[in-house]
Amino acid sequence: MSKMQLDIVTPEKVIYSDEVDMVITRAAEGDIGILPKHAPLVSPLKGNRVRVKKDGKEEVISVSGGFLEVRPDKVTILAETAELPE
Amino acid sequence: MAQSMRDIKRRIRSVENTKKITKAMELVAAANLRRAQDKAQASRPYADKMRDVIVNLAQGTTGVKHPMLVSRPVKKTGYLVITSDRGLAGGYNGNLLRMLLQNLKKRHQSSDEYAIFVIGRKGRDFLKKRKLPVIGEVTGLPDFPEFAHIGEIAKQAVQFYEEEKFDELYIVYNQFINPVVQRPVEKRLLPLTSEDLQETSAAARTVYEYEPSQEEVLAAILPRYAETLIYSALLDGKASEFAARMNAMKNATDNATEMIENLVLQFNRARQAAITQEIAEIVGGAAAL
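Overview of the structure. All of these numbers come straight from a predicted model, not from anything done at the bench.

Cut-off values and rules
- Residues numbered from 1 in each chain as written.
- Chains lettered and ligands numbered in written order.
- Predicted model: local features only at pLDDT ≥ 70, side-chain atom pairs only at ≥ 80, totals over all residues.
- Helix = DSSP H or I, 4+ residues; strand = E, 2+ residues; numbered from the N terminus.
- Rg over C-alpha atoms; globule rule 2.2 N^0.38 Å.
- Buried ≥ 20, exposed ≤ 12 C-beta atoms within 10 Å, placed from the backbone.
- Contact = placed C-beta atoms within 7 Å.
- Expected span 1.5 Å × (residues − 1).
- Arc of directions from axis to C-beta.
- Pairing = 2+ DSSP bridges.
- Axes fitted to C-alpha atoms, helices over the stretch in contact; angles between N-to-C directions.

## A word on the overall build of chain A
Logical step 1: Of regular secondary structure, chain A possesses zero helices and eight strands.
Logical step 2: Starting at the N terminus, the α and β elements of chain A follow one another as β-β-β-β-β-β-β-β.
Logical step 3: A compact globule built from 86 residues should have a C-alpha radius of gyration of about 12 Å, and chain A, at 11 Å, falls within 12% of that.
Logical step 4: Expressed along its principal axes, the backbone C-alpha trace of chain A runs to roughly 30 × 30 × 20 Å.
Logical step 5: In chain A, which comprises 86 residues, the proportion classed as buried is 34%.
Logical step 6: By sequence separation, contacts in chain A at least 24 residues apart represent 46% of the contacts at least 6 residues apart.

Put into C-alpha cells, the structure is as follows:
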C-alpha cells in the first residue's frame, strides 16, 4: 500500500514529519479521511484532533487553529499550536 | 606617590571586575544568538508554506478580492515597532528608534495620522516619553518567544487594519544580516503587495479544491499569514538583539583589556619612581653624613 508524507508545522517548528497511511480530521465541511492520491485540497481545520494511521497503529495529535493542505503525495497541516501524544 | 599607587591598583581591580561582567555577557549573548538563529530558521517552513497557498489563491482566483490585498487611500498608518527589553546592546534600540522618528516626521503632519504598537520595554519608554500615540504594547518577552507571546498584539494589529482603523501597517525592526551587521528596516506588512506574491513554486501550480470556498479560505488564511510575518520579524529582531549585544560586549571587553594594560604600565612606572626616589633619598642621606 502506498504511503504519503505528513507534515504538521507550527510557527515554532515542524512538529511531525513522517510517511503515513491515512489522516483523519475535521475540515470546514465535515470529517474527512485522506488516503494517498487524494485530490488537491485546501481547507481550514475545524476540530482539534488529527488522527494518523501508520502501519496499523493510530496516533492522535492535538492541534489548534490552522489549515490543511492536501496534495496527492503529501499532506501539510499548518497549525498555530500542536502537541504530540505522550 | 604611594597614594597614587594605591589609586591605580584600585582602578585596575575595578576595571577587571567590569571586564569579567562584559565577558560573561558576551558569551551568553553568543550562545543565545545561535539558538535564536535556529529558531528563526525553524519558523520558516510555516511561513513559506502559507505563502505558497496564498500565492496559489491569489493567482488562480483573479476574481477574488480581499481587503488585505488591495491598497486603499491612506488616512491613518499603523506601526509595529520591535525593540528589546534590556539595554547594553550597542545601537540596537537607538538606531531603530531614530529611524522611526525620522520616518514619522517625514511622512506625517500630526500625531493623529498614525498609531504605534510597540514590543519591548526600551521602545515603549522611549515612545511614551515623547508622548507618541502608543496603542498597544508587549514587554517582558522571554529570550526565545513563542508564537503565543505576541499572538494578541499581532491579532490586534491585523484586526485594526481589517476594521479600517488604519489603512496600512508598517513593521519596524532590526533585520539580522549577519552576526556583525544588523540593519534597522521598515517594511510594509499590509496591504500585502503583489510583488510579495509573485514567485511561483511547485505548490502554486497545483490546482486545489477549496473548502468551503476560495473566498473563505483566503479570508481565513490572510490574517494568519500577516501574524506569521510579524512573528518572523520578532525572531529576526531577537537574533539581531543578541548579535548587537555580543558585539557591544566584545568591544567593551577589548576596551577593558586595553585599559588594564595602560593602568598596569602606569602602576609600574609609579612603583619604579617611588623606588628611585627612595634610593636617591638614602644616597643623599649617606652623602650628607
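## Focus on helix α3 (residues 92-107) of chain B
Residue and element names in this part refer to chain B.
Logical step 1: With 16 residues, α3 ought to run about 22 Å at 1.5 Å a step, and its terminal C-alpha atoms sit 23 Å apart, in line with that.
Logical step 2: Taken together, the buried positions of α3 are Y92, N93, L96, L97 and L100. Relative to the axis of α3, the buried residues are bounded by an arc of 95° and lie together on one face. For α3, exposure combined with an orientation more than 90 degrees from the buried face picks out Q102, K105 and K106.
Logical step 3: For α3, the secondary structure elements touched by its buried residues are β1 (77-82), α4 (121-129), β4 (168-176), β5 (182-190) and α7 (214-288).

## Here we look at the sheet that holds strand β3 (residues 134-138) of chain B
All names here are of chain B.
Logical step 1: Pairing is mixed across the open sheet formed by five strands, whose spatial order is β3-β2-β1-β4-β5. In the strand order of this sheet, the two ends are held by β3 and β5, each with one partner. Neighbouring strand axes in the sheet, compared pairwise and without regard to direction, differ in orientation by 20° on average.
Logical step 2: Pairing analysis gives five bridges linking β1 to β4, with the strands arranged parallel. The partner of Y79 across the bridge, within β4, is Y170.

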